Amino acid sequence: MTLDGARVGVVGGGVAGLAAAVELGRLGAETYLYESSDTVGGQIRTFRAPGFVIEDGADGFSTPSSSERELLTTLGLTGRLVKQRALPLLSYRAGTLSRLNPKLAAELLGIRTHGVRPRSSLLSFETGMSDLVDALESALSNATIRRAKPVLVVSPSPDGIITQTQNHNYDAVDLLVIATPPVVAGKLLSFAAQGLGDTIPVPELTSIVTVSLAFPRSAVVHPLDATGFVVIGRDGAVPRDGLRACSFASSKFPGRAPRDHVLVRAFYRPGDALGLDEADERWVDRAIHDLDPVLGLRADCILSRVARWPQALPARPGAPAGTSTLDLIHRCGERVVVAGSAVTGPGVLSALCSGRKAASAVHAASHDL
């Protein structure tokens, strides 16, 4: 049985929402994808300049499981995978760079290892992580993307679900997938059913700013023979504000810069010194000032890019990011399915599979309507 004739809304145009919409289209549903910003992809965004591939958001993902690889194969992406180079990660402490133990690095950055040695190698795509978003968008069928249309209210009706966007625009759908960050998912579920929003644990969130800088190879003294470095303060922890880490993007993955150039990416939590909305020029000046004593910069950067992610990451390592639902999907009233980071926590491929599972749950729910 297919979903022919069913109208399904998908709230959130990140990887989970896109994957859900792709699968719903394959099942025959008429899909409406609501995205609050002008572009889909969520926290995946790639900027491409001649010879350079610059990630504003996630730059890779861990080795896919068999089901995740199947999804990548379906999207035609397995032949476009590139592997992170086998290089160490460094720490920067008291003015000195040294090799950092992978397990300690994971703990400092808030990555849960569950006692298992973390996998040091990541995967990405030849021309950046947006390859995944582009492939998902190309695979959409029978779908309408409503860009810059955040869903404000979800209301149950006798025949389905009513969604309200800006300017009091309403859509009536038979079923709904909510694939948004936990804060938004909790609010929308609270509208859908009293108290249901409390089932989504919302971690304390913090903002992040990344500054990508490109230089001629000859302008950087450090050999950049690592994937990057993590800043460790006097208390042995990553500083809460200011420079927290730097990725040597052109060393980490192939194809990120021309052969005679390098690309680095500094990670900041905005604070008292510089706020989230400070001008790009000030953030670039700050990054150059901070990186010069570490890397030895001998010329101006030839390309820069600043990316801001408000309230994007858990503020504390190990903070809960998803529910304990075993199948990663929470269903309400047979008409609402939740997918994405609200139930899976962070992770590009887990979001991808979550979206597909959400579509399957919608399909199953449609049998009971």
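Rules used in this analysis
Residues numbered from 1 in each chain as written. Predicted model: local features only at pLDDT ≥ 70, side-chain atom pairs only at ≥ 80, totals over all residues. Heavy atoms only, no water. Helix = DSSP H or I, 4+ residues; strand = E, 2+ residues; numbered from the N terminus. Buried < 20%, exposed > 50% of the residue type's maximum accessible area, 1.4 Å probe, protein only. Polar contact = N/O pair within 3.5 Å; in protein donor to acceptor, adjacent residues only side chain to side chain. Contact = heavy atoms within 4.5 Å. Salt bridge = Lys/Arg side-chain N within 4 Å of Asp/Glu carboxyl O. pLDDT = per-residue confidence, 0-100. Phe/Tyr/Trp six-rings, centres within 6.5 Å; stacked < 30°, edge-to-face > 60°.

Caption draft 1: Region of interest: the side chain of Glu68. Along the polypeptide, Glu68 turns up in helix α2 (residues 66–74). For Glu68, a relative accessible area of 15% puts it in the buried group. Polar side-chain contacts of Glu68 include one of 2.8 Å to the backbone nitrogen of Ser65. Setting aside its immediate chain neighbours within four residues, Glu68 contacts Thr63, Leu349, Ser350 and Cys353.

Caption draft 2: Region of interest: the pattern of salt bridges. According to the stated counting rule, one finds 14 salt bridges in the structure shown. The residue Arg7 makes a salt bridge to Glu30 at a minimum N-O spacing of 3.9 Å. With Arg7 in strand β1 (residues 7–11) and Glu30 in strand β2 (residues 30–34), the pair connects residues that are 23 residues apart, well separated along the chain. Classification of Glu30 as partly exposed rests on a relative accessible area of 30%. The salt bridge involving Glu70 is made with Arg356; its shortest N-O contact spans 3.7 Å. On the criterion of sequence distance, the pair formed by Glu70 in helix α2 and Arg356 in helix α9 (residues 348–366) is long-range, its members being 286 residues apart. Under the relative-accessibility criterion, Glu70 is labelled partly exposed at 42%. For Arg356, a relative accessible area of 24% gives the class partly exposed. Each of the salt bridges in this network shares a partner with another, and the network as a whole consists of Glu23, Arg26, Glu70 and Arg356.

Caption draft 3: Region of interest: the confidence of the model for the protein chain. Averaged over every residue, the pLDDT of the protein chain is 84; the share at 70 or more is 84%. Ranking the elements of the protein chain by mean pLDDT puts strand β19 (residues 330–332) last, at 44, and strand β4 (residues 52–55) first, at 98. The model gives residues 112–118 a pLDDT under 50, and that stretch makes 11 contacts with residues more than four places away or in other chains. Note on residues 318–332: pLDDT under 50 across the span, and 48 contacts to partners over four residues away in sequence or across chains.

Caption draft 4: Just the packing of aromatic side chains, in detail. Evaluation of the coordinates by the stated rule reveals four aromatic pairs. A ring pair is formed by Phe61 and Phe125, whose centres lie 5.4 Å apart and whose planes are at 40 degrees; its orientation type is tilted. Of the two residues, Phe61 sits in the loop between β4 and α2 while Phe125 sits in strand β8 (residues 123–125), which places them 64 residues apart along the sequence. Residue Phe61 shares its accessibility class with Phe125, and that shared class is buried. Pairwise contacts between aromatic rings join Tyr92, Phe229 and Phe248 into one cluster.

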